[in-house]
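The primary structure of each chain is shown beneath.
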Amino acid sequence: FFFNDTATTEIYTEQIVGSVRCVQETGINAALYYKNPDPHCFVSIIPTSAITGEGIPDMLTFIVGASQSMMKGRLQLSDHLQATVLEVKVIEGLGTTLDVVLVNGTLKENDKIILSGFEGPIITQVRALLTPHPMKEMRVKGEYIHHKEVKGALGVKICANDLENSIAGSQLFVLRKEGDETKYRKELKKDIENVRRKIVLQNEGVCVAASTLGSLEALLAFLKQMDIPVCNICIGPVSKEDVFKALKPLMNQDSKKKIEFATVLAFDVKIKEEAQQFADQNGIKIM
């Protein structure tokens, strides 16, 4: 901050003052996190950049510090497994893998796991549990440390079969006893239904595709703010069937047909080749 030119510093200061004012207008006291006189009375504002990533380490440091000081009595480890799939990646030599945040509980090699998939729950067996070397990120390609067993809280890469259709954002459970499969199938189904319950689809609108449940919710919330109606949603790669649903506005014989709705908004997902060809042939936009 102190090494920036005057113009940059002034813009930064204006943005901070404006952000503080907006928060205060709602009746909440706010201050920059490193100038916060009392974290119990003032909400801390941490500037971050989505382009450079600056501020993210500060935010993580603040969260860790606040958790240990303000939530000390509520922080405790549990044997109950709590894990979430962050990303689904294809790694050369490993195949399709899951990047998972293990909050509580224990995962072992050969554990039988269940998680949400595009075509229904996926049940598979853990082949390998991998973590990056110390001070290395999970996202950076390199050698991994193999584990027979891992305990929360940490990030772990899971290698297993049949993960191609996994949904990022899904909960992950371990099947340890009889009856667990039925129980967890219901829980995973409930997660999908909760997302669908929040979604209001229109007869006319654009089609939306996203890679995870969370990104789909965020994208739909943004479109709602922009007054852009949505008529169809999907999670995962865009298929020909998904694009076909965007053909509806073009098939309408009404003189007032809205051609702009013949659009697929795809966020962080792959477009299948046949889907792209169909879109090109029929004048459907994929953005």
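The coordinates are above.
Here we summarise the structure given alongside this text.

Rules behind the numbers
- Residues numbered from 1 in each chain as written.
- Predicted model: local features only at pLDDT ≥ 70, side-chain atom pairs only at ≥ 80, totals over all residues.
- Heavy atoms only, no water.
- Pairing = 2+ DSSP bridges.
- Helix = DSSP H or I, 4+ residues; strand = E, 2+ residues; numbered from the N terminus.
- Buried < 20%, exposed > 50% of the residue type's maximum accessible area, 1.4 Å probe, protein only.
- Salt bridge = Lys/Arg side-chain N within 4 Å of Asp/Glu carboxyl O.

1. Side note on the pairing of strand β3 (residues 82-91)
Two elements, β3 and strand β4 (residues 95-104), share nine bridges in a ladder whose sense is antiparallel. When the sheet's bridge partners are listed, Lys89 is paired in β4 with Thr97. The antiparallel hairpin formed by β3 and β4 contains three residues in its connecting segment, where Gly93 sits at a positive phi of about 90°. Alignment of β3 against strand β11 (residues 171-174), held across two bridges, turns out to be antiparallel. Note that in β11 the partner of Thr84 across the bridge is Gln171.

2. A few points about unusual backbone geometry
Even without being a glycine, Asp162 presents a positive backbone phi close to 60°. Relative to the assigned elements, Asp162 resides in the loop between β10 (154-160) and β11. At Asp268, a position not held by glycine, the phi torsion is positive, near 60°. Residue position: Asp268 is located in the loop between β14 (263-267) and α7 (273-282).

3. Quick notes on the pairing of strand β7 (residues 122-132)
For β7, the tally of buried residues reaches eight of 11 residues, placing the bulk of the element in the interior. In terms of strand pairing, strand β6 (residues 112-115) meets β7 through four bridges, oriented antiparallel. Of the residues in β7, the one forming a bridge with Ile113 is Thr124. Pairing analysis gives four bridges linking β7 to β10, with the strands arranged antiparallel. The residue of β10 that forms the bridge with Leu129 is Ile158. As paired strands, β7 and strand β8 (residues 144-147) are joined by four bridges and run antiparallel to one another. Its bridge partner being in β8, Leu130 is matched across the sheet by His146.

4. Remarks on the pattern of salt bridges
When charged atoms on two side chains of opposite charge get close, those side chains can pair. Taken as a whole and judged by the stated rule, the model has four salt bridges. One salt bridge in this structure joins Asp99 and Lys157, with 2.7 Å as the shortest N-O distance. Taken together, the residues Asp99 in strand β4 and Lys157 in strand β10 connect sequence positions 58 residues apart. Neither residue differs from the other here; Asp99 and Lys157 are each classed as buried. A salt bridge links Arg176 to Asp111; its shortest N-O distance comes to 3.8 Å. Taken as a pair, Arg176 in the loop between β11 and α3 (180-198) and Asp111 in the loop between β5 (106-108) and β6 lie far apart in primary sequence, 65 residues in all.

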